[in-house]
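Letter by letter, the chains look like this.
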Amino acid sequence: MAIRGGGHAPAARVAERRCLVGNAQTHVRRPFELNIMHSNLRILYVLIFITAVTGGVWLYTQPAGQLASIEGTDFAVEDTSKVDKIFIADMDGKSVTLTRPEQGKLWDLNGRFKAREDAVNLLLKTFKRAAIQGPVAEAAEPNVVRLISARGKKVEVYQDGDTPVKTWYVGTATPSHTGTYMVLETPQGRGAKPYVVHMEGFTGYLSTRFFTSERDWRFTGLFNHPKRSLARVEVRHLNEDGQSYMLASAKDGALSLQDLEGNPQTYRDTSGLRQHFLRFKKVHLETYESRLDKAVEDSLRLASGAFELSTWNKSGERATVTVHWKPGTDAVTGEATNDLEQLYGVTSEGEVVLLQRFVFDPLIRGLSELTVPQIAPVASAGLPMPTN
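This is a predicted model, so every value here is computed, not measured.

Rules and cut-offs
Residues take numbers from 1 onward in each chain, read along the sequence in its written order. Confidence filtering applies because this is a predicted model: local features only for residues at pLDDT of at least 70, side-chain atom pairs given and counted only at 80 or more, and all residues used for totals across whole chains, interfaces and linings. Neither water nor hydrogens contribute to the side-chain values; these are computed over all heavy atoms in the structure. Helical segments are the DSSP runs of H or I of at least four residues, strand segments are the runs of E of at least two, and each set is numbered from the N terminus. Relative accessible area decides the class of each residue, using a 1.4 Å probe on protein chains only: under 20% of the type maximum gives buried, over 50% gives exposed, and in between gives partly exposed. Note on contacts: a residue pair is in contact if any heavy atoms of the two residues lie within 4.5 Å. Accessible surface area values rest on a Shrake-Rupley calculation with a 1.4 Å probe, where residue burial reflects the displayed protein chains alone. Positive charges come from Lys and Arg alone, negative charges from Asp and Glu alone, with His and the N- and C-terminal ends not counted. We define a salt bridge as a contact between a side-chain nitrogen of Lys or Arg and a carboxyl oxygen of Asp or Glu at a distance within 4 Å. Polar contact is defined as a pair of N or O atoms within 3.5 Å, subject to the rule that within protein one atom must be able to donate a hydrogen and the other to accept it, and that residues adjacent in sequence are counted only when both atoms are side-chain atoms. Throughout, the arc means the angular range of directions from the helix axis out to the C-beta atoms. At least two bridges found by DSSP between two strands is the condition for calling them paired. Axes here mean lines fitted to C-alpha atoms, for a helix over just the part in contact, with angles spanning 0 to 180 degrees between N-to-C directions. Aromatic contacts are taken between Phe, Tyr and Trp rings whose centres are within 6.5 Å, Trp giving its six-membered ring; a plane angle under 30 degrees counts as stacked, one over 60 as edge-to-face, and the others as tilted. By definition, being over a ring means that NZ of Lys or CZ of Arg is both within 6 Å of the ring centre and within 35 degrees of the ring normal.

A. Geometry of the overall build of the protein. Summing up its helical and strand segments, the protein has eight helices and 19 strands in all. In the protein, buried positions account for 37% of the 388 residues. Of the contacts formed within the protein by residues at least 6 apart in sequence, a portion of 57% connects residues at least 24 apart. By element, 54% of the accessible surface of the protein is carried by carbon and sulfur atoms, the whole surface being about 23,300 Å².

See the structure below:
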């Protein structure tokens, strides 16, 4: 038994040594393999980074001429001074048509009203500075096209002709809210792909600029007398005697103050009276949305109101608004009172609108406030301005 045991011992030791050598080789091989894996990952990251940088350089620094040469990417309108009509339509059947007037700055809205100057200028600026931010990811293209088809808006831009020079199909904002999905169409055809469009010098999306509500597009000016075209102002206090008056400007610019019977009224604060007169040059309503039902609006049209304000330009054209107190509630006592922020107005055309007291409180002051030695500035809700 001893001889047998001795005979097997060398073989066992050989096997043991082989096992140790194998383990050692494994321990040597594993760090080597890990180093190779880490090296491959670093190479992969570098390739991804180079690809991203290359793509970014192509998208954001591509010369305008080369980028515009790609079909369906030339969104910008180079000369917006030649734009004479803009048509905007949504998928709900609402649309607006904006037309440049032959005279004056205010564009025509649907052939019935004047359009907001600020909103039209914003559109023209957008047309001028529109640029491609990048292509739509291939995987996202079908969904983007579907959303533009279902909820997008069609914007046609005309320049002295019956065919639009550019048509934008405006979709939703990108997830980052820094661009807007759009498709371009020109007289040569429609672009095959949607793109992400932005306005140079602006961070945000553009879709909200293309609204189709006629009410939101309407010019909000009640009195609009540029330069020195304001000739006369009349303020009637319908519920208080002796407070109504008329202010008129002579050819030499001198002001005359009279009651409504034509009797001259003496005033001592010439500068204050002139400032009061000039407040009527540009007066805007807050919104055409009165938030009243039709029956209440009809009642307001028939009621006499609290004040009536009128202006005349030097051509004799008159604009009038009748002002009504808006009911409110005292925040402390809970009692009924006049609203401290808004008034109702009825225009010359019979439309019921909302007015801001911040704008109108200085205008509805009575005659007695204009004949004092120094006319006090007025803040919102008729409160005097604080003085130092």
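Picking up after the structure, the text goes on.
B. Region of the structure containing the side chain of R365. By the element assignment, R365 lies in the segment after helix 8 (357-360). Although R365 is buried, it forms no salt bridge, and the closest oppositely charged side chain is E369 at an N-O distance of 4.5 Å. Within polar-contact distance, the side chain of R365 engages the backbone oxygen of P362 at 3.4 Å. Apart from the residues lying within four places of it in its own chain, the contact partners of R365 are V235, H237, Y245, H276, I375, A376, P377 and V378.

C. Main features of unusual backbone geometry. The phi dihedral of D160 falls on the positive side, at around 55 degrees, and the residue is not glycine. The backbone of K227 shows a phi angle near 55 degrees, a positive value even though the residue is not glycine. Here K227 lies in the loop between strand 11 (221-224) and strand 12 (230-237).

D. Broad picture of the environment of L206. Locating L206 in the fold gives a position in the loop between strand 10 (195-199) and helix 5 (214-217). For L206, a relative accessible area of 0% puts it in the buried group. C-alpha of L206 to C-alpha of T126: the two residues are 80 residues apart in sequence and 8.1 Å apart in space. Setting aside residues up to four positions removed in sequence, L206 forms contacts with T126, T180, M182, V197, H198 and M199.

E. Spotlight on helix 6 (residues 270-278). Buried within helix 6 we find G272, L273, H276 and F277. Buried residues along helix 6 cover an arc of 140 degrees about the axis, so they all sit on one side. The secondary structure elements touched by the buried residues of helix 6 are strand 12, strand 13 (245-249) and strand 14 (255-258).

F. Just the sheet that holds strand 14, in detail. Strands sit in the order 14-13-12-16-17-18-19 across an open sheet of seven strands; the sheet is antiparallel. The open sheet has two edge strands, strand 14 and strand 19 (352-356), and neither has a second partner. When the angles between neighbouring strand axes are averaged without regard to direction, this sheet yields 20 degrees. When strand 12 meets strand 16 (residues 307-313), the two strands line up antiparallel, connected through seven bridges. Directly across from L230, in strand 16, lies its bridge partner N313. Across the sheet, helix 6 touches strand 12, strand 13 and strand 14, and the angle it forms with strand 13 is around 95 degrees.

G. Just the pairing of strand 1 (residues 85-89), in detail. Here strand 1 runs beside strand 6 (residues 153-158); their pairing, made up of five bridges, is antiparallel. Residue pairing for strand 6: F87 is matched across the bridge by E156. Where strand 1 lies against strand 2 (residues 95-99), five bridges are found, and the strand directions are antiparallel. Bridged to I88 within strand 2 is V96. From the end of strand 1 to the start of strand 2, which pair antiparallel, there are five residues, and G93 there has a positive phi angle of about 90 degrees.

H. How the structure looks around the pairing of strand 6. Across five bridges, the pairing between strand 6 and strand 7 (residues 166-173) is antiparallel. Residue K154 lies in a different strand from strand 7, and its bridge partner there is Y169.

I. Structural context of the packing of aromatic side chains. With the rule as written, the count across this model stands at seven aromatic pairs. Seen from their ring centres, F75 and W168 are 6.0 Å apart, and the 70 degrees between their planes marks the pair as edge-to-face. Here W168 lies in strand 7 and F75 lies in the loop between helix 2 (64-68) and strand 1, a separation of 93 residues in the sequence. According to the relative accessible area criterion, F75 is buried, its value standing at 1%. Under the relative-accessibility criterion, W168 is labelled buried at 0%. Linked through ring pairs, F75, F127, W168 and F210 together constitute an aromatic cluster. Sitting over the ring of Y158, K85 keeps its end group 4.3 Å from the ring centre. The ring of Y288 has R218 sitting right over it, with the charged end atom 3.8 Å from the ring centre.

J. Quick look at the environment of S310. Considering the arrangement of structural elements, one finds S310 in strand 16. As for S310 and R236, which are separated by 74 residues in sequence, their C-alpha atoms are 8.6 Å apart. Once you skip the residues sitting within four places of it in the chain, S310 turns out to touch F223, R232, V233, E234, R318, A319 and T320. Side chain to side chain, S310 and T320 meet in a polar contact 2.9 Å long.

K. Expanded view of the pattern of salt bridges. On inspection of all chains with the given rule, the structure shows 19 salt bridges. Across the salt bridge formed by D79 and K82, the nearest N and O atoms sit 4.0 Å from each other. You can call K82 exposed: its relative accessible area is 54%. A salt bridge links R236 to E308; the shortest N-O distance between them is 3.8 Å.

Functional significance is not addressed by these values, which are geometric in nature.
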